[in-house]
Amino acid sequence: MSNIWNADNGDGTYTNPILYADYSDPDAIRVGEDYFMISSSFCNSPGLPILHSKDLVNWEIINYVLPAIPEERYEKPIHGCGVWAPAIRYHNGIYYVCFPMPDEGIYMTTATDPYGEWSVPVNIRPGAGWIDPCPFWDEDGKAYLVAGVAKSRIGYKSVLYMVEMQPDGMGLIGEEIKIFDGNENGQNTIEGPKLYKRNGWYYIFAPAGGVKTGWQTVLRSRNIFGPYEYKVVMRQGNEDVNGPHQGAWVDTVTGEDWFIHFQDVYGAGRITHLQPMKWKNDWPVIGVAKGNNDFGEPVKHYRKPNVGKDHNELTEPKTSDNFRDKCLGLQWQWNANSKAEWYSFSDYGLVLNAVKKDSVYGDVPNLLLQKWPAPEFSSITKLDLSGLTLGDEAGVISMGMEYGLVSFLRDKDEIRVISVKGKQKFGKILVESTEEKRKELEVLSQNTKFVYIKYLVERIGYRDISEEEKNLPTEMVKILYSLDGISYKSAIEMLSVPGRWVGVKSGMFCLSSKDNSTGKVTVDYVKYSKVHHNTINKDFSLIPQ
């Protein structure tokens with residue numbers, strides 16, 4: 001295990017966040033002694049990662065629900081579109097994942113084994129506007145779906161709907177009923193509803209107030225169609241976990257209740273926290289209530305959940321990869337739906353074939369990327385350039401709405417080292433324009449075979465981005481290169497800027513100016529390691545200098 005970030009302190013306690021990685025909009029369930037969690041994936045492919053845990057603290061990626069994002073337009077990256085906040089449920093021996101695509105509709109897919117193949121998704125509510133769906137099966141056999149709305153697609157927000165669903169989950173029945181309007185009661189931007197039942201009450205857990213500055217609201221009613229009363233059950237309070245946003249209520253075999261949610265930390269994206277949860281007068285309190293408060297605040301350090309057994313194995317999502325298993329590790333996703341001809345494997349590693357570049361770098365579909373795994377880290381990628389042909393290039397990219405890269409371009413009798421910085425400008429939904437600045441760093445011999453590219457992320461402090469986005473963690477991203485793996489030269493330095501609803505990702509590419517290049521680059525390995533920087537500690541507070 002790489003041990004880049006692990007929340008388990010090894011003494012029966014944990015430190016939030018449980019995942020310092022961009023698993024946004026998490027939903028989770030317990031099936032027996034196993035926990036399964038999924039998250040949004042937007043336009044990246046494969047989509048909808050599934051993570052597994054035995055103790056709610058140690059997680060690893062086990063599968064993806066979607067080999068590709070539905071609909072042909074995702075052959076190219078459409079940043080911020082695609083698969084939004086999903087829900088996972090288990091009913092009568094079947095796993096269900098319901099996910100929204102805000103421009104296309106609400107989809108359902110199933111599996112009998114979460115580690116195996118999932119069914120072809122069915123669009124059970126075609127059309128734009130609905131988001132964040134959650135299915136629910138009642139004791140009488142009837143099924144329902146609750147969902148929110150996206151103002152960017154439907155013209156209004158802060159409204160939740162309920163509709164009856166076919167018992168098999170593959171279609172909706174009857175009238176769609178508005179059950180809650182947050183515009184009427186200060187619960188603005190209420191979204192991400194998750195539906196449960198306890199002691200005869202129907203509960204809808206739904207964050208409100210916005211991703212950066214919001215809180216956790218819970219609705220309850222004796223009738224699934226309402227009317228619903230509401231209560232705020234967790235606020236940021238005096239803690240540094242801004243927004244505490246969308247998540248999932250899970251229990252343990254010993255009867256404990258816990259809540260998984262995300263926090264937006266800007267550059268690294270939306271990281272995952274675990275909160276204790278108690279019940280008082282049939283209302284949940286998430287986190288720890290302080291003083292006379294009837295709501296909780298997020299915890300930093302807490303005892304691990306009592307899951308009935310001791311689980312001492314430390315696990316975390318993989319990062320490093322030497323590709324000797326001749327398959328892509330589950331940490332990797334493409335910038336859009338992938339094609340088999342983009343890559344293969346040899347005895348020496350991953351072979352990335354040179355694909356025609358017909359866009360700016362940020363819109364190239366065959367970027368092979370993975371999430372940041374920690375607030376600070378470094379990785380080294382070893383590339384074999386000997387397979388590049390005239391007009392081909394390969395390198396490493398840091399991908400966000402502002403991105404940077406270093407590329408090695410074979411040009412006549414030389415290899416040119418190039419750095420590029422790009423900046424995407426978004427309109428209401430899509431990218432309106434991209435500005436790229438290109439710089440030639442040096443010229444190498446055409447016989448240069450191996451290059452080593454270091455990707456370094458260091459926390460340098462905090463900054464304000466806007467009135468709502470204040471005191472945000474700030475990282476310096478550096479890309480350096482070397483011909484011997486010892487002495488490195490700087491190619492890129494830039495402040496972290498996330499992608500569209502996603503954190504910064506890093507990865508590799510191989511491109512060509514030609515239509516049918518036979519060129520390639522071989523990736524020997526990507527090795528991640530910790531960075532011990534003196535400005536932060538594990539709870540990511542600044543240490544006085």
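Basis of the calculations
Residue numbers run consecutively from 1 along every chain, following the written order of its sequence. At least 70 in pLDDT is required for a residue's local features to be given in this predicted model, at least 80 for side-chain atom pairs to be given and counted, and no such filter applies to totals for whole chains, interfaces and linings, which use all residues. Hydrogens and waters are ignored; side-chain quantities use all the structure's heavy atoms. Secondary structure counts use DSSP, requiring at least four H or I residues in a row for a helix and at least two E residues in a row for a strand, with both numbered from the N terminus. Here the radius of gyration uses the C-alpha set of atoms, whereas the globule reference equals 2.2 Å times the residue count to the power 0.38. Burial classification: accessible surface area is computed with a 1.4 Å probe over protein chains only, and a residue below 20% of its type maximum counts as buried, one above 50% as exposed, and the rest as partly exposed. Residue contacts are counted whenever heavy atoms from the two residues lie within 4.5 Å of one another. Here, Shrake-Rupley sampling with a 1.4 Å probe gives the accessible areas, and only protein chains in the shown set may cover a residue. Charged residues are defined here as Lys and Arg on the positive side and Asp and Glu on the negative side; His and the ends of the chain fall outside this count. By convention, charge coordinates are those of NZ in Lys, CZ in Arg, CG in Asp, or CD in Glu. Working definition of a nonpolar core: buried Ala, Val, Leu, Ile, Met, Phe, Trp, Tyr and Cys residues. They are joined through side-chain atoms within 4.5 Å. Salt bridge, as used here: a side-chain nitrogen of Lys or Arg that lies within 4 Å of a carboxyl oxygen of Asp or Glu. One bridge is not enough; two strands pair if DSSP finds at least two bridges between them. Note on definitions: angles span 0 to 180 degrees between N-to-C directions of axes, and those axes are lines fitted to C-alpha atoms, for helices only across the stretch in contact. pLDDT is a residue-level measure of predictor confidence that goes from 0 to 100. Stacked, tilted and edge-to-face are the three classes applied to pairs of Phe, Tyr and Trp rings, where Trp contributes its six-membered ring and a pair requires centres within 6.5 Å; stacked means planes under 30 degrees apart, edge-to-face means over 60, and tilted covers the rest. Should the NZ of a Lys or the CZ of an Arg lie within 6 Å of a ring centre and within 35 degrees of the ring normal, that charge is described as sitting over the ring.

Enquirer: Please provide a residue-by-residue account of the overall build of the chain, values included.
Expert: Scanning the chain from N- to C-terminus turns up one helix and 39 strands. Its C-alpha atoms give the chain a radius of gyration of 23 Å, within 12% of the compact-globule value 24 Å for 545 residues. Residue burial in the chain is summarised as follows: out of 545 residues, 61% are buried. A fraction of 60% describes how many contacts in the chain between residues 6 or more apart in sequence connect residues 24 or more apart. Split by element, the accessible area of the chain, about 21000 Å² in all, is 47% carbon and sulfur. For the chain, the distance from the average site of its 59 positive side-chain charges to the average site of its 70 negative ones is 3 Å.

Enquirer: Which residues make up the nonpolar core, and what values go with them?
Expert: Residues Leu352, Phe408 and Met508 are the most contacted members of the largest nonpolar core, which totals 45 residues. If we skip the residues at most four places from it in the chain, phenylalanine 408 touches Leu385, Leu388, Asp392, Glu393, Ala394, Ile415, Arg416, Val417, Leu444, Val451, Ile453 and Tyr481.

Enquirer: Describe in detail the pattern of salt bridges, supporting the description with residues and values.
Expert: Close approach of charged atoms allows side chains with opposite charge to pair. Under the definition given, this model contains 36 salt bridges. For aspartate 55, the salt bridge goes to lysine 304, with nearest N and O atoms at 2.9 Å. Taken as a pair, aspartate 55 in the loop between strand S4 (47-53) and strand S5 (59-66) and lysine 304 in the loop between strand S24 (301-303) and strand S25 (333-334) lie far apart in primary sequence, 249 residues in all. Judged by relative accessible area, aspartate 55 falls into the buried class, the value being 2%. The partner of glutamate 402 in a salt bridge is lysine 423, and the shortest N-O contact between them spans 3.9 Å. With a gap of 21 residues between them, glutamate 402 in strand S32 (residues 402-411) and lysine 423 in strand S33 (residues 414-426) connect regions that are remote in the sequence. Given the relative accessible area of 28%, glutamate 402 is considered partly exposed. With relative accessibility at 47%, the residue lysine 423 sits in the partly exposed group. A network of salt bridges, in which partner residues are shared, links Arg73, Asp103, Glu104 and Arg153.

Enquirer: Could you give an account of the sheet that holds strand S20 (residues 270-280), naming the residues involved and the relevant values?
Expert: An order of S18-S19-S20-S21 is seen for the four strands of this open sheet, with the pairing classed as antiparallel. At either margin of the open sheet sits one strand with a lone partner, and together these are strand S18 (247-251) and strand S21 (283-286). If you compare each strand with its neighbour and ignore which way they point, the axes differ by 35° on average. Relative to S21, S20 is paired through four bridges, and the arrangement is antiparallel. Across the sheet, methionine 277 pairs through a bridge with isoleucine 286, a residue of S21.

Enquirer: Lay out the side chain of aspartate 524 in plain terms, naming residues and giving numbers.
Expert: Relative to the assigned elements, aspartate 524 resides in strand S39 (residues 520-530). The exposure class of aspartate 524 is buried, given its relative accessible area of 19%. If we skip the residues at most four places from it in the chain, aspartate 524 touches Asn322, Phe323, Arg324, Tyr348 and Lys382.

Enquirer: Lay out the confidence of the model for the chain with the relevant residues and their values.
Expert: Confidence along the chain averages 95 in pLDDT terms, with 97% of residues attaining 70 or more. Taken as a whole, residues 534-545 scores under 50 in pLDDT and shows 33 contacts with residues more than four places along the chain or in a different chain.

Enquirer: Explain the sheet that holds strand S6 (residues 87-91) residue by residue, including any values.
Expert: The four strands are arranged S6-S7-S8-S9 in an open sheet whose pairing can be described as antiparallel. At either end of the open sheet lies a strand with only one pairing partner, and these are S6 and strand S9 (122-126). The sheet shows a mean angle of 25° between the axes of neighbouring strands, direction not considered. Sheet topology note: the S6/strand S7 (residues 94-101) ladder contains five bridges and is antiparallel.

Enquirer: Could you give an account of the packing of aromatic side chains, with specific residues and numbers?
Expert: In total, this model carries 28 aromatic pairs according to the counting rule given. Consider the rings of tryptophan 372 and phenylalanine 377, whose centres lie 6.0 Å apart with planes at 70°: the pair is edge-to-face. Across this residue pair, the class does not change: tryptophan 372 and phenylalanine 377 are buried. Grouping aromatic residues by their ring pairs yields a cluster made of Tyr196, Tyr203, Phe205, Trp249, Phe259 and Trp279. Across the ring face of tryptophan 279, the terminal group of arginine 198 is positioned such that the distance to the ring centre comes to 3.9 Å. Directly above the aromatic system of tyrosine 462 lies the positively charged group of arginine 459, at a separation of 5.8 Å from the ring centroid.

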